[in-house]
Amino acid sequence: MKAKVIKSTGSWYVCQAEDGSLINARIKGKFRLKGLKTTNPIAVGDEVVLDKEEGLNTYMISKIEERKNYIIRRSPRNFYKQHIIASNLDQLFLVITMRMPRTSTGFIDRMLLIAEMHHIPTVLIVNKRDIYKEKDLERFEQIKATYNNIGYGIRLVSAQDKKDIELLQNDLVDKTTLFAGHSGVGKSTLINQLIPGLDLTTRELSTYTDKGTHTTTFAEMYPLPNGGYIVDTPGIKELEAVHIEPEEVSHYFVEMQEKMQDCKFNNCLHRNEPKCAILAALETGEIALSRYESYLKIVDGISATDYWER
Ligand SMILES: Nc1nc2c(ncn2[C@@H]2O[C@H](COP(=O)(O)OP(=O)(O)OP(=O)(O)O)[C@@H](O)[C@H]2O)c(=O)[nH]1
Ligand SMILES: [Mg+2]
Ligand SMILES: [Zn+2]
């Protein structure tokens, strides 16, 4: 029987069968996935095949279908291992706020880089519209121009506004959407509005006091009333990309991808190299300064520290 893993507790997996029913299943023996050093063999979002255990009322996961994509972070327990947060995602809703808390463009750009690395289309959801003052709205307009310009959708919403929620609901139908963003931006509040009756805990104390090293990384998927799923995970705010070299970073900055073909040196890092097409585009304003600053920070971060696994 085919099913989709929607919750993992470590040893048991809650799977949703094609008819919508929920089934608890375990893993048969040890799953070894080619080339992946992960702490969890099966992740939320996986399409699996379930076999009934002989003579028992329980099910075993006997096969995982190939993942369309997946998003990983470094394991909180083992520095050298990776933890799959979720798989088979259709889109990322990156929830950000202009205030309470203020999301920086540096954070946005790091998350976009990660989404691009995993081939996940991203929409920026700017939440808490109801509390914005003129200054916040001005900053929103700037951010909107920057990201629209390079092809990302951006929406200004309030979790308290019915109309905003209805519009978001339309964008979620039949898709698997990962919600990510800083603690406190309103991810759980939005999800509670989007899925009536869900009642996720909002503003969990632990997420404010804990620096993230021990946050639960078990993600959970919530079926949407009109089809599709939402994945909410507190752990994702500490996302770390893996396996990226300084030369690769510009490949994942969408506005740089094409332009960098014109750089004189094909290993150009776009810092101070002569005849750099990126620096030229920065001069003309074709590339936004904030994006370029994020780019530099990421490249320098890879060189300067061991933060990014190499
Ligand atoms: N004014 C206003 N407050 C909001 C809105 N959305 C969420 N909040 C409040 O912001 C606070 C944080 O919301 P949460 O939904 O817990 O935030 P979260 O992103 O899930 O945070 P973590 O689970 O820690 O990652 C709560 O007090 C919410 O009531 C909004 O649109 N407007
Ligand atoms: Mg939350
Ligand atoms: Zn260059």
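Our subject is the structure that appears above.
Procedures and definitions
Numbering of residues starts from 1 in each chain and follows the order in which that chain's sequence is written. Written order determines the labels here, with chains lettered from A and ligands numbered from 1. Where local features are concerned, this predicted model is filtered to residues with pLDDT of at least 70; where side-chain atom pairs are given and counted, the filter is 80 or more; whole-chain, interface and lining totals use all residues. Side-chain measures were taken over the full set of non-hydrogen atoms in the model, leaving aside hydrogen atoms and water. Only nitrogen, oxygen and sulfur atoms qualify as donors, and only when within 2.8 Å of the metal (3.2 Å in the case of Na, K and Ca); with water excluded, sites may look incomplete. For every residue, the accessible area (1.4 Å probe, protein chains only) is compared with the maximum for its type, and the residue is labelled buried under 20%, exposed over 50%, or partly exposed between those bounds. Fitted lines through C-alpha atoms give the axes, limited to the stretch in contact for helices. The angle between two N-to-C directions lies from 0 to 180 degrees. The helix count covers DSSP runs of H or I at least four residues long, the strand count covers runs of E at least two residues long, and both are numbered beginning at the N terminus. Oblique is the label for any angle not covered by the other classes, which are roughly parallel (under 35 degrees), roughly antiparallel (over 145) and roughly perpendicular (65 to 115). Each helix crossing is assigned a hand: it is left-handed if the near helix lies turned anticlockwise from the far helix by less than a right angle, otherwise right-handed if that turn is clockwise. It only takes one pair of heavy atoms within 4.5 Å for two residues to be counted as in contact. Residues were grouped as follows: Ala, Val, Leu, Ile, Met, Phe, Trp, Tyr, Cys and Pro as nonpolar; Asp, Glu, Lys and Arg as charged; and all remaining residues, including Gly, as polar. Polar contact criterion, stated in full: a pair of N or O atoms within 3.5 Å, where within protein one must be able to donate a hydrogen and the other to accept it, and residues adjacent in sequence count only if both atoms are side-chain atoms. Paired rings are identified among Phe, Tyr and Trp, the last through its six-membered ring, by centres lying within 6.5 Å, and are further divided according to the angle between planes into stacked (under 30 degrees), edge-to-face (over 60) and tilted (the rest).

Trainee: Got a minute to help me understand the coordination of the zinc ion (ligand 3) in this structure?
Mentor: Coordination angles at a metal have ideal targets, namely 109.5 degrees for four tetrahedral donors and 90 or 180 degrees for six octahedral donors. Of the protein atoms, only Cys263 (SG), Cys268 (SG), His270 (ND1) and Cys276 (SG) coordinate the zinc ion (ligand 3), at distances of 2.1 to 2.4 Å. Sequence positions of the residues that donate to the zinc ion (ligand 3) give the spacing C-x4-C-x1-H-x5-C. The same class applies to Cys263 and to Cys268, which are both buried.

Trainee: Before we go on, may I ask you to explain the packing of helix 1 (residues 105-117) against helix 2 (residues 134-149) in this structure?
Mentor: Helix packing for two helices is described by the angle between their axes and how far apart those axes are. The contact between helix 1 and helix 2 brings their axes to 13 Å, and the two run at 30 degrees. The orientation of helix 1 with respect to helix 2, classified from their angle, is roughly parallel. Helix 2 is crossed by helix 1, and the crossing has right-handed handedness. Where helix 1 approaches helix 2, its residues Thr105, Ile108, Asp109 and Leu112 are matched on the opposing element by Arg139, Ile143 and Tyr147. The residue makeup of the contact of helix 1 with helix 2, split by class, is 4 nonpolar, 1 polar and 2 charged.

Trainee: What's the story with the environment of Lys275 in this structure? I'm lost.
Mentor: Here Lys275 is to be found in the loop between helix 6 (254-257) and helix 7 (277-284). When the C-alpha positions of Lys275 and Phe265 are compared, they lie 8.2 Å apart, and in sequence the two are 10 residues distant. What Lys275 contacts, discounting residues up to four positions off in sequence, is Asp262, Cys263 and Lys264.

Trainee: Looking at this structure, how should I read the packing of helix 3 (residues 162-172) against helix 4 (residues 187-194)?
Mentor: Look at helix 3 against helix 4: their axes get within 10 Å of each other, and the N-to-C directions meet at 85 degrees. In terms of orientation, helix 3 and helix 4 fall into the roughly perpendicular class. On the side of helix 3, the interface is formed by Ile165, Leu168, Gln169 and Leu172, while helix 4 contributes Leu190, Gln193 and Leu194. Taken together, the residues of the contact of helix 3 with helix 4 break down into 5 nonpolar, 2 polar and no charged.

Trainee: Can you help me understand the side chain of Ser87 in this one?
Mentor: With respect to the secondary-structure elements, Ser87 resides in strand 7 (residues 82-87). Its relative accessible area of 0% is what places Ser87 among the buried residues. At a separation of 3.4 Å, a polar atom in the side chain of Ser87 contacts the main-chain carbonyl oxygen of Gly45. Apart from residues lying up to four places away in sequence, Ser87 is in contact with Val44, Gly45, Asp46, Arg67, Asn69 and Tyr70.

Trainee: Looking at this model, I keep getting lost on the packing of aromatic side chains. Mind explaining?
Mentor: Describing an aromatic ring pair means giving the distance of the ring centres and the angle of the ring planes. Under the criterion given, the structure shown has 3 aromatic pairs. Ring plane angle 85 degrees and centroid distance 5.7 Å describe the contact between Phe253 and Tyr295, whose orientation is recorded as edge-to-face. With Phe253 in the loop between strand 13 (229-232) and helix 6 and Tyr295 in helix 8 (residues 289-304), the pair connects residues that are 42 residues apart, well separated along the chain. Here Tyr292 and Tyr295 contribute two aromatic rings whose centre-to-centre distance is 6.0 Å and whose plane-to-plane angle is 25 degrees, an arrangement assigned as stacked.

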